[in-house]
Structure formats: structure tokens, C-alpha cells
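Next come the chains, spelled out residue by residue.
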Amino acid sequence: MATTSISISIPILTIWAIWILLCGKCLDNALQQLVVAASGSSHALQLKQAKALQETGWWPSTTHAQASSNYSSACHWDGITCNADGSITTIDRFYQGLGGQLIKLNFSFFPNLVSLNLSMNFLTGCIPLEIGMLKNLVYLRLSYNMLVGSIPSTLGHLINLEYLDLGGNQINGSIPLEIWMLKNLTSLYLSSNMLVGPIPSTLGHLINLEYLDFSQNQINGSIPLEIGMLKNLTLLYLSSNMLVGPIPSTLGHLINLEYLVLRQNKINGSIPPEIEMLKDLSYLNLSQNFISGEIPSALGMIAPLYTLDLSYNNLTGNIPSSLTGIHRLNLSHNSLEGQIPDGYALYHTSHTLNGNKDLCGQFKIFPPCPKGKKSIITEIETFVPISIFLGFLFIGGGIFLSRYMFKKNQIESRGSKNGNIFSIWNYDGHIAYEDIIEATEDFDIRYCIGTGGYGSVYRAKLPSGNVVALKKLHQREAENLGFYKSFINEVRVLTEIRHRNIVKLHGFCVHKGCKFLIYEYMERGSLFCVLRNVDEAMELDWSKRVNIIKGTAHALSYMHHECIPTIVHRDISSNNILLNSEFQGFISDFGTAKLLDPDSSNQTLVAGTYGYIAPEFAYTMTVTAKCDVYSFGVVALEVLMGRHPGELLSSLSSSSQNMMLNEILDQRLPPPNRLIGQEILLVATIAFACLHTQPKSRPLMKCVSQEFLSPRKPNVIPLTRVSLLQLRKQASYVAGSGFAYC
């Protein structure tokens, strides 16, 4: 029985084993077929993508090659990036002059597309509904084209989208309600279009939003209270629209806000006190509205606030003294009244208060403040003692007059001994000619820290402990009429201007034996020397370098556009930018500066430093502010490169155009991070715009200054992918169409 059982089971086991082997083989074949099918599917998708791109006509250089290879993979085409499977993830054709319409691109063939950048390409037509098929899209930039029609509601399907830029088109209609579905959005730019209707309250659902720009549209209605829900917002631009109603108090909830611009609307009501809660605010522009009430003094307590523009409103009351220290301030064309705060004129010009007819003091355009109206106590203290103690005051006045005449004789005696002109200001009046001679041991060579065009510079520590720099004309130059004129010109210019990035002149002396200027001392010396010292150049990191360039731009903007008449420096170079102990930059050496006369030709002799002089000056000999703009461009590139850019500029028409931006940067420093890299890209673009051979194509310095002060869109393109050719194209675009915030 047992034998029979065993004999029966053996064939069964054999059949079972054979069946398993056959099934395993079938399974292997099935898996192989799946792999082949997947591979075929992947390859088929690559072919479809290549064909779809080719049919747009945006890759003309690939026409013949692709036709002969049946539209093989596009992964190596310009601006295309693929994943490991060969599927396209990035299309970047920024500023390529493509033309045509977006509908030419078949979006259905790009299921894995993460980034699409077609900005600045003269694209026309509408944004197709099919764009909503790009479910994996994270970055979408279609700015500065000629797109029309409305924003498609299908954009709400792009739930992974983080960056959306449709600015600078002709898009109309309202902002679609579906936009609230983009919960991952951090940047939303719809500026410079023709959008109408209100700001949807559903915008408050975009809690990850950091940058919001709806400026230069025709948006109406009030600012929704729900905007206060955007706790991560750092930039809010709603300027140049038709917004009405008051500024919502919920803006005070935006504790991370750095830039707030509501200018040129129809906003009314007062400035909400909650605005003082914006402790990170650095730029606030509420100009050209109908805002009334008093200016909250708490605005001046916001430490980072660099720019405050409240001009062209209906503000009343006094100017809070706390506003005086704000760097860029404009309160013009309101109904402010009373005394201008003490010290205001030290930091700001009268133009910042134009149109406030009831102000008094500080500036010649305003009447002096009436005396004796401060309080009843003041009147009592002033007038009652005079009437009671008239006799005593008369006697005291006689004694005072006697002492004054005695001192006057001493000063006149000393003046005849030490020089015919000796003027010191910004000190306590105790600096004497002898102190300076003693501090420098009669200008001994040991105290000499540099030699300039017409004199030497000395370091002097005065008895008070203050350290100053003395620029002394050489004896031969002191007797030369031309150098003497330069000396007097420097005094004349520097006594008329005040700016935090222009070196301060404390005084001067003109003596038959010597002539010198007394300057604020700059511990680090010239930018030229710092860049050529390896240790100091490495200490001058990217952030410090960008700040030096910005400071120089602000100072030149002040000279060109806020001084009357315009002051042109004529010798902007790295030698004439001095650095203090914190590596902050200051323009110096105004010996060749010229005050432009609008009624004259402003022709002059050659002035400036070789390598920084604008090319047109060689044949026109005419001074314009655009000469300084060119020189600024050279200095800006020099700071980024760590050396003079002469060789680069002379070779830009050849192979250098293919170099990447990161290749020309100072290699002594580590590569910049993403944030500072964005600043460097802006500086480089502006520098090339300033270096345009045609003066009229260079930007104004006030536009450059404003660009540096204005918020920037986040840049996701690394410097390793920005060529000098692209940079110059972008600079030409900037020069041709103007700056975004000027």
C-alpha cells in the first residue's frame, strides 16, 4: 500500500515541478515584456516631446539634425533639462526672441515638467487652458511678453506651483478665484497688466506666500482684510491701481513684511497705528493717495526702515522728530505744519518738504519759526526777567561785549600769524593750526598715508583724540593756479553736499606756506588698495562688496538728481572710493568735480582716471552725468571681479561672451549663496547697462539707486548658467525699456 502511494506521488511531483518551471519562465517573459514596454513608452515619450518642441519653431538650430534622426531626445537642446528617464523637467528659453504663441506648445506631452520659463520672448496670444495639465509644475514664468486675454482658471490645477510670474503683459479680466487652490505658492507676480476687479478675499488662503506684486493694473475695490492672513509675506506691491478705502489694520499682522508699496491709488483714511508692528519693514511707500491725519511717530522707531515716502497725500500736524534719521524720506505735498525738527537739514534736502506751506525753519524756502510761542512759561522766562532786571542785564551785556572784543583781537592776531583763512566746522572749535602742525610734526613723511593727484594725505590724531585725514597740496602745486583752483573747487563742492556715502569735509586752511583740507579719516584706505591686498580682499566678502556698490550708486544719485545745480564727479574710480573700518564705501576726491550749468555747453578739459573715462568724452569733451554712470559701471564690475575689467570689456565681442558669470567673479572668495547671488546678478546686469557705448542708452543714477532699494523677485537661475552674452542682452533690455521701479 505504501509502495503504491509513493509511486503515484512521484509523477505528481514531477508534473508540479515542470509546471513551476514553465510558470517561472512565463513570469520572466512577462517581466521582460513590461520592461521593454516601459522602455518603449519612455522612448516614445522622448520622441513626442522632441517633436512637440520642434514644432514650436523655438529651436531652429536643431531643424536639420532632428529631421535626420526622427526627433531623437531633446535632453541636450539649449534650455532643456531631463530626468533619469529622459523625460523633460525644465524648459528655460528666457530672452531668446522666440515670438509666436504659447498654443504652439503641446503641454500634454510634458507630464514631468517642473520648470517653464519663457519670459521676455515677444510671445502673443492667450495663455491656453491646457497649461493646467502640467500637474508637476513648480516654477512658471511668462513675464514681459505680449500675452492677452484672461488668466485661465485651469491654473488652479497646478497645485504644486510655488512661483508664478505673468507680469509685464497685456492680460485683462479679473484675478481668478481658483488662485486660492495654489496652496504651495510662495511668489505671485501679476504686475504691469490690465487686470480689473477686486483683489479676491480667497487670497488669504495662500499662507505660504512671500512675494505678492499686483502693481500697475486697474484693480479696484478695497484691500481685503484677509490679506493679514499672509503671515510669511515679505513683499507687498499694490501700487498704481484704483484701490479705495482705508489701509486695513490687519496689515499689522504681517510681521515678516519688509517692503510695502501702496502708492498711486485712491486710498483714504489715516495711517493705521498697527503699522508699527512691522518691525522688519525697510521700504514703505504710501505716496499719491488721499491719506489724512497725522504721521505716527512710531514709524521712526522701526529700526530697518530705510525709505519712507508719504508725499502727495493730505497728511496734517507736525513732523515727528523720530523720522529725521530715516535715510530716504519724502514728505512733500501734504498739509504739514509747525517747526521742522532739529537736525532735519543734516540728512535731507528741502525738496522732501516742498508743498507744505505751513512749515517753518531749517530751510530758506520756509519762513523762520516765530519766537516766543512755545508756551506761557517760555514767555515768562523770556520777557519778565528783562523788564525786572534790565539794569543788571545792561551791565552784564557791557562785560560780555568787552570780553568778546578782547577775544576777537586775539583771534585776528592769531589769524594774521597762522594764515589768512582757517575754517573748521563739525568740531568744538578748539582745533588750531598749531594742533595740526604738532599732530603731524609739520607734515612729516611718517604720517603720510598716500599721495593723490595734487597732494599728499596725512593721518593726524588731534589733542581731542579725534583722528582726521589731511590732504595737503605739495608746495609746487600750492603755487600752481590750476591746482589751487582744484583745491578751492573741492572745498566749494563739499560744503554744499551731505550724504552718508560721501566723505565728510571737516575744514580747510589756506596759508601762504601751505594749503590743506581736513577730512573724516577712513581706516581701510581706498577700495583700489583693498582689492589688491589678498588678505583684505578676502575680508571684503560678497555682502560688503554689494553694499559698497549700492552706497556709491546712492551717493551719485544724490549728486546728480538732488543737488542744484547737478554735481558731476568726473573721476569715479576705485582709487576715489574710500572704506571705513566696517568696509562701508565713501566717494572722495572732488577736486575735478563740476557743477553743471544747464545754460552752457559744459565743455571742459580731460579729467578722470584712465580706464574709467566714458568713451564719448574723448571726442565731445562735454561733461554730462552719463560720464559718471559709465565710470560707476567700471567700478561695479571691478568690485565683483576683484580687478579692473579692462581686459574683459575689450574682449566681449569675441569668446568672452560664452563665459559664465561665476567665472569672472573674484575667485579668492567662496561662491556666493543663492540670496547674495541674486544681488550679484542684479549688480552685473546694471553694470553692463551703465557701460553702454551710447550715453543716452545708459540708465540715470536715480534709476540705478531705486533698483537697488526696490525688492527683487527670487532668482532660481544659478550664476553658473548665466552667460555674459545673456547678461549683456538683459542689460540692453533694461537700457531700452527702463528700470521696473523708475
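See the structure shown above.
Cut-offs used in this document
Residues numbered from 1 in each chain as written. Predicted model: local features only at pLDDT ≥ 70, side-chain atom pairs only at ≥ 80, totals over all residues. Heavy atoms only, no water. Helix = DSSP H or I, 4+ residues; strand = E, 2+ residues; numbered from the N terminus. Buried < 20%, exposed > 50% of the residue type's maximum accessible area, 1.4 Å probe, protein only. Contact = heavy atoms within 4.5 Å. Areas by Shrake-Rupley, 256 points an atom, 1.4 Å probe, with all protein chains shown as cover. Pairing = 2+ DSSP bridges. Expected span 1.5 Å × (residues − 1). Polar contact = N/O pair within 3.5 Å; in protein donor to acceptor, adjacent residues only side chain to side chain. Axes fitted to C-alpha atoms, helices over the stretch in contact; angles between N-to-C directions. Disulfide = S-S within 2.5 Å.

Asker: Please set out the overall build of the protein chain residue by residue, giving values where relevant.
Answerer: Scanning the protein chain for helices and strands turns up 18 helices and 31 strands. Looking at the 742 residues of the protein chain, the share that counts as buried comes to 47%. In the protein chain, the proportion of contacts linking residues at least 24 apart, taken out of those at least 6 apart, comes to 54%. Looking at the protein chain as shown, the accessible area adds up to about 35900 Å², and 57% of this sits on carbon and sulfur atoms.

Asker: Explain the sheet that holds strand β27 (residues 525-526) to me, using residue names and the numbers behind them.
Answerer: The strand order β27-β29-β30 describes an open sheet built from three strands, whose pairing is antiparallel. Edge positions in the sheet fall to β27 and β30 (585-587), since each of these pairs with one other strand and no more. With three bridges connecting them, strand β29 (residues 577-579) and β30 associate as antiparallel partners. By the bridge assignment, Ile577 is partnered in β30 with Ile587.

Asker: Kindly report on helix α16 (residues 674-690), identifying the contributing residues and their values.
Answerer: For α16, built from 17 residues, the straight-helix expectation of 24 Å at 1.5 Å per residue is met to within 8% by its first-to-last C-alpha distance of 24 Å. Most of α16 is tucked away, with 14 of its 17 residues classed as buried. Taking the backbone nitrogen of Leu675 as reference, a side-chain oxygen 3.2 Å away marks Asn673 as the first, capping residue of α16.

Asker: With reference to specific residues and values, describe the side chain of Ser332.
Answerer: Here Ser332 shows up in the loop between β18 (328-330) and β19 (335-339). Among the polar contacts listed, one links the side chain of Ser332 to the side chain of Asn330, at a separation of 2.7 Å. Among all residues touching Ser332, those that are not within four sequence positions of it are Ser311, Tyr312, His351, Thr352, Leu353, Asn354 and Asn356.

Asker: An account of the pairing of strand β17 (residues 314-317) is requested, with residue identities and associated values reported.
Answerer: Only one face of β17 is covered, namely the one carrying Leu315 and Gly317; the face carrying Asn314 and Thr316 has none of its residues buried. Where β17 and β19 come together, two bridges link them in parallel fashion. Within β19, the residue paired with Thr316 across the bridge is Ser335.

Asker: Give me the lowdown on the sheet that holds strand β20 (residues 358-360), citing residues and values where you can.
Answerer: Within the open sheet, the four strands sit side by side as β15-β17-β19-β20. Their pairing is parallel. In this open sheet, the two edge strands, each paired with only one partner strand, are β15 (292-294) and β20. Within the sheet, the average angular offset between the axes of one strand and its neighbour, ignoring direction, is 25°.

Asker: Any chance you could break down the state of the cysteines for me, citing the residues and the numbers?
Answerer: Under the defined criterion, the tally for this structure stands at two disulfides. Two residues share a disulfide in this structure: Cys75 and Cys82, whose sulfurs sit 2.1 Å from each other. Taking the sign of the S-S torsion, -105° for the link of Cys75 and Cys82, the bridge is left-handed. In this model Cys360 forms its disulfide with Cys369; the gap between the sulfur atoms is 2.1 Å. Linking Cys360 and Cys369, the disulfide has an S-S dihedral of approximately 95° and is accordingly described as right-handed. You can call Cys360 buried: its relative accessible area is 10%. A residue is classified by how much of its surface remains accessible, and Cys369, at 21% relative accessible area, is partly exposed.

Asker: Please give an account of the environment of Asn314 that cites residues and values.
Answerer: For Asn314, the location among the structural elements is in strand β17. Sequence separation between Asn314 and Phe290 is 24 residues; the distance between their C-alpha atoms is 5.8 Å. Once residues lying within four places of it in the same chain are set aside, the contact partners of Asn314 are Phe290, Ile291, Ser292, Gly293 and Asn334.

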